[in-house]
Amino acid sequence: YGIYYDKGFVGIGTVDPTYDLDIQSYSAPQIAITNLTDEHTEGGAETSVIFNDHSATTLGKILTSHDGTLDDTKGQIKILIDNSNITFTSIGNINLTATSDVIIPVNVGLIFGDGAEKIESNNTDFTFSSGSDIILSATDFVGVKNTNPAYDLDISGNVNFTGTLYQNGSPFTT
């Protein structure tokens with residue numbers, strides 16, 4: 001099949017396109033966008049797909065570029081949306097795989113479900129929220145309902161446990 005134009009639609013691999021650009025193939029179809037500049041800098045060789053509305057206002061952009069190294073195989077991808085949220089919807093799992101750290105900016109949290117459960121960082125402490133806060137401080141202290149823990153485990157409230165309480169390796173007695 002060649003390239004066909006029908007009723008305002010462009011078809012590649014089909015004589016009856018039903019979308020603005022309709023690509024059909026018996027193998028895995030691929031679209032290649034190549035930036036021919038020889039830029040090996042942070043953001044170099046930038047290539048993007050831009051999504052505009054009827055007035056040419058950019059609604060979003062998928063951008064790829066070099067990550068600042070001379071290794072052409074290392075790049076970065078960004079999904080940019082101005083003043084809005086990015087939502088990923090999946091019928092199945094959404095898997096995040098990285099060979100390095102996943103970086104979340106300071107004062108930005110991960111929110112789960114309806115927002116009642118979240119993990120936040122203020123560049124010093126981590127807060128795990130689910131009705132009651134659990135804090136992991138920069139001093140490696142854990143606080144339960146205590147935002148400023150001063151001990152390895154610092155709990156504000158009642159404690160219930162099953163088992164033996166130990167002090168210096170021996171059962172604690174009063």
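Read on for an overview of the structure. (Residues numbered from 1 in each chain as written. Predicted model: local features only at pLDDT ≥ 70, side-chain atom pairs only at ≥ 80, totals over all residues. Heavy atoms only, no water.)

1. Description of the sheet that holds strand β4 (residues 47–52)
Taken in spatial order, the 3 strands make up an open sheet running β4-β5-β6, and their pairing is antiparallel. A strand with exactly one partner marks an edge of an open sheet, and here the two such strands are β4 and β6 (75–80). Strand-to-strand, the axes of this sheet are offset by a mean angle of 5°, without reference to chain direction. Two elements, β4 and strand β5 (residues 58–66), share 6 bridges in a ladder whose sense is antiparallel. Residue pairing in the sheet places Asn-52 in a bridge with Thr-58 of β5. (Pairing = 2+ DSSP bridges. Helix = DSSP H or I, 4+ residues; strand = E, 2+ residues; numbered from the N terminus. Axes fitted to C-alpha atoms, helices over the stretch in contact; angles between N-to-C directions.)

2. Description of unusual backbone geometry
For Asp-140, which is not a glycine, the phi torsion comes out positive at approximately 65°. In this model, Lys-145 sits at a positive phi of 55°, which is unusual for a non-glycine residue. Looking at the element boundaries, Lys-145 is found in the loop between β11 (142–144) and β12 (153–155).

3. Some points on the sheet that holds strand β2 (residues 9–12)
In space, the 3 strands of this open sheet follow the order β1-β2-β3, with mixed pairing throughout. Each edge of the sheet is formed by a strand with only one pairing partner; in this case those strands are β1 (3–6) and β3 (21–23). The average undirected angle you get between the axes of adjacent strands in this sheet is 20°. The sheet contact formed by β1 and β2 spans 4 bridges and is antiparallel. Pairing of Ile-3 across the sheet is with Ile-12, part of β2.

4. Things to note about the side chain of Asn-146
Mapping Asn-146 onto the fold places it in the loop between β11 and β12. Engagement of the side chain of Asn-146 in a polar contact is seen with the side chain of Asp-154, the distance being 3.1 Å. If we skip the residues at most four places from it in the chain, Asn-146 touches Ile-135, Asp-154 and Ser-156. (Polar contact = N/O pair within 3.5 Å; in protein donor to acceptor, adjacent residues only side chain to side chain. Contact = heavy atoms within 4.5 Å.)

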